[in-house]
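Residue strings, one per chain:
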Amino acid sequence: LGDDNLAFFTSVNPGIAWQFGDDWELAVDALLTDRDYRGGDEIGREGDYQAGTVTAGRYFRERSLLVQAGAAWYQFDADADFLSYQGPEVFAGLISQAWANGALFARVAYRWYDFDGLQPLFDAEREDEELRAVAGFQHDFRAGWLEGWSLIGSWIFTDNRSDVPIYEYDRHQVSLGLARGF
């Protein structure tokens with residue numbers, strides 16, 4: 001890759017799920033990512049990200065509604081200590097089959113970031129709290145020229161609070177895209 005690329009991430013994302021009876025499931029996932037930034041402004045951001053998640057789910061309405069709750073632990077070891085962080089996350093959500101080949105989903109999550117080292121210019125150790133809400137839909141095409149593709153749309157609201165004021169923000173994101181699994 002040339003020098004004009006912002007970053008090159010290499011990830012492995014293994015996961016396993018178990019079904020218990022007709023209505024319960026338990027899933028365990030991991031994410032390991034090597035973050036290699038290419039831009040000069042990104043010095044110190046390179047590093048390794050690790051996360052582990054446990055999710056429990058229960059089906060309702062003849063398996064057309066799945067309610068989930070879970071917890072995660074994540075850690076990012078950046079080259080610069082003040083960019084390294086770790087912390088827990090808890091979340092709850094649901095996925096509902098809303099029409100033939102289509103689903104609605106929603107999720108709310110709370111994450112706590114505990115950063116290492118002192119923040120430059122602030123001489124403080126940074127701690128952030130993030131509340132994130134997601135709502136969206138997915139439609140899977142089963143025929144026609146888009147067969148095998150999924151149309152996915154979502155709205156994400158993020159409320160981030162920090163003890164270092166420049167890192168506080170509220171953000172709304174809207175996305176619409178096509179995805180295909182292989």
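Remember, predicted model here, so these are calculated numbers, not experimental data.

**Q** Now, about the nonpolar core: what can you tell me, with residues and values included?
**A** Listed in full, the 10 residues of the largest apolar core are Tyr-49, Ala-51, Tyr-74, Phe-76, Ala-78, Ala-80, Leu-83, Tyr-85, Tyr-113 and Phe-115. Secondary-structure elements contributing two or more residues to this core are β4 (47-60), β5 (65-78) and β7 (102-119). The greatest single-element share of this core, amounting to three residues, is contributed by β5. Not counting residues within four places of it along the chain, the set of residues in contact with Tyr-113 comprises Tyr-74, Tyr-85, Gln-86, Arg-126, Glu-127, Asp-128, Glu-130 and Asn-160.

**Q** Break down a negative patch on the surface for me, citing the residues and quoting the values.
**A** A grouping of Asp-34, Asp-48, Asp-77 and Asp-79 is seen on the molecular surface, where their side chains present a negatively charged patch. Looking at where Asp-34 falls in the secondary structure, it is placed in strand β3 (residues 24-37).

**Q** Tell me about the pattern of salt bridges, and name the residues and values.
**A** Counting across every chain of the model gives seven salt bridges. In this structure, the salt-bridge partner of Glu-89 is Arg-111, at a minimum N-O distance of 3.1 Å. With Glu-89 in strand β6 (residues 85-99) and Arg-111 in strand β7, this pair connects stretches of sequence that are 22 residues apart. You'll find Glu-89 and Arg-111 in the same group, each marked buried.

The rules behind each value
Residues numbered from 1 in each chain as written. Predicted model: local features only at pLDDT ≥ 70, side-chain atom pairs only at ≥ 80, totals over all residues. Heavy atoms only, no water. Core = buried A, V, L, I, M, F, W, Y, C linked by side-chain atoms within 4.5 Å. Buried < 20%, exposed > 50% of the residue type's maximum accessible area, 1.4 Å probe, protein only. Helix = DSSP H or I, 4+ residues; strand = E, 2+ residues; numbered from the N terminus. Contact = heavy atoms within 4.5 Å. Patch = residues over 30% accessible without salt bridge, like charges linked within 9 Å, V, L, I, M, F, W, Y side chains within 5 Å. Areas by Shrake-Rupley, 256 points an atom, 1.4 Å probe, with all protein chains shown as cover. Salt bridge = Lys/Arg side-chain N within 4 Å of Asp/Glu carboxyl O. Lys, Arg positive; Asp, Glu negative; His and termini not counted. Charge placed at Lys NZ, Arg CZ, Asp CG, Glu CD.

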